[in-house]
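Results of the structural survey
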Amino acid sequence: MSARLSLIMFTLTVGLNMMAGTVRAEQNAPIYLAAGDPALDNTGRNVRDKGDATLTPEDQMENESDITITATIRQAVVKDESLSVNAQNIKIITRNGVVTLRGPVKSEAESMKLQQIAKQTPGVVRVDNQLENIAP
C-alpha cells in the first residue's frame, strides 16, 4: 500500500512540475524598484541590523519566561484589530525581561499603543521602543 501511495505522490508531483513549468524572475526587478523609490531601499537598515548593537529576532532568549513574554505580547498585538498590518508584524525581542520593539508603524499613537501592550505584560522589566513611524 505505501509503495502505491509513493507512486501516486511521485506522479502528482511530476505532473504539477510539468504543468507549472519553470518560474523565472527578472534579474533587475528588485534593483529597479529600489532605484525608483527611495522608500523601498532598505540598504541603510540592513547595514544597521548587521552590527551587534541592534537586536534582531535571532537575539531572542530561549528561556521559558522570555518566550512566554514574547508570545503573550504577540497574541495581544495580533488580536488588536485597530493596529495596522505593519504594527501587527513588528519584531518583538525579549532578553531577561527587557522587551525590544522594532519595525515600522503608521503613527506615534500606534507606537505608544504597542509600547503600552508590552508594558502591561506580566514579567516585563522594561520596554525599549525602537519603532519607526512611517508617513502615510
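The structure presented is a predicted model; accordingly, all values stated were derived computationally and were not measured.

Let us now look at a nonpolar patch on the surface. Taken together, the side chains of L5, I8, M9 and L12 make up a nonpolar region of the molecular surface, amounting to roughly 390 Å² of accessible area. Note that L12 resides in helix 1 (residues 2–20).

Scanning all chains against the criterion turns up one salt bridge. A salt bridge links D80 to K113, with the shortest nitrogen-to-oxygen separation between them at 3.1 Å. Within this pair, whereas D80 is found in the loop between helix 4 (64–79) and helix 5 (85–88), its partner K113 is found in helix 6 (residues 108–119), the two being separated by 33 residues in sequence. A relative accessible area of 16% means that D80 is categorised as buried.

Here the focus is helix 6. Over its twelve residues, helix 6 runs 16 Å from end to end, which matches the ideal 16 Å to within 8%, given 1.5 Å per residue. Taken residue by residue, helix 6 has E110, S111, L114, Q115, I117 and A118 as its buried positions. For helix 6, the angular spread of the buried residues around the axis is 160°, confining them to a single face.

For strand 2 (residues 98–105) and strand 3 (residues 126–133), the ladder comprises eight bridges, and the chain directions are parallel. Across the sheet, P104 pairs through a bridge with E132, a residue of strand 3. For the crossover from strand 2 across helix 6 to strand 3, the handedness is right-handed.

Bringing the sheet that holds strand 3 into the picture now. Within the open sheet, the three strands sit side by side as 1-2-3. Their pairing is mixed. Pairing within the sheet leaves two strands with one partner each, and these edge strands are strand 1 (91–95) and strand 3. Adjacent strand axes in the sheet meet at a mean angle of 10°, parallel and antiparallel pairs treated alike. Running at roughly 155° to strand 1, helix 4 makes contact with strand 1 and strand 2 of the sheet. Packing of helix 6 onto the sheet brings it into contact with strand 2 and strand 3, and relative to strand 3 it is tilted by some 160°.

The rules we used
Throughout, residues of each chain are indexed from 1 in the direction in which the sequence is written. Predicted model: local features are reported for residues with pLDDT of at least 70 only, side-chain atom pairs are reported and counted for 80 or more only, and whole-chain, interface and lining totals are derived from all residues. The basis for the side-chain values is all heavy atoms of the structure; hydrogens and waters are excluded. Residues forming no salt bridge and having over 30% relative accessible area are the ones grouped into patches, like charges within 9 Å of each other and nonpolar side chains (Val, Leu, Ile, Met, Phe, Trp, Tyr) within 5 Å. The Shrake-Rupley method, run with a 1.4 Å probe sphere, supplies the accessible areas, and residue values consider only the shown protein chains as cover. Each salt bridge in this description consists of a side-chain nitrogen of Lys or Arg and a carboxyl oxygen of Asp or Glu lying within 4 Å of one another. Helix and strand assignments come from DSSP, with helices taken as H or I runs of at least 4 residues and strands as E runs of at least 2, each series counted from the N terminus. Buried means the residue's accessible area, taken with a 1.4 Å probe over protein chains only, is under 20% of the maximum for its type, while exposed means over 50%, and partly exposed covers the values in between. Multiplying 1.5 Å by the residue count of a helix minus one yields the expected span of that helix. The arc under discussion is defined with respect to the helix axis, by the directions toward the C-beta atoms. Between any two strands, pairing holds if DSSP finds at least two bridges. Consider the strands pointing away from the viewer: the crossover is right-handed when the path from the first strand over the helix to the second runs clockwise. With axes taken as lines fitted to C-alpha atoms, and helix axes fitted only over the stretch in contact, angles between N-to-C directions fall between 0 and 180 degrees. We call two residues contacting when some pair of their heavy atoms lies within 4.5 Å.

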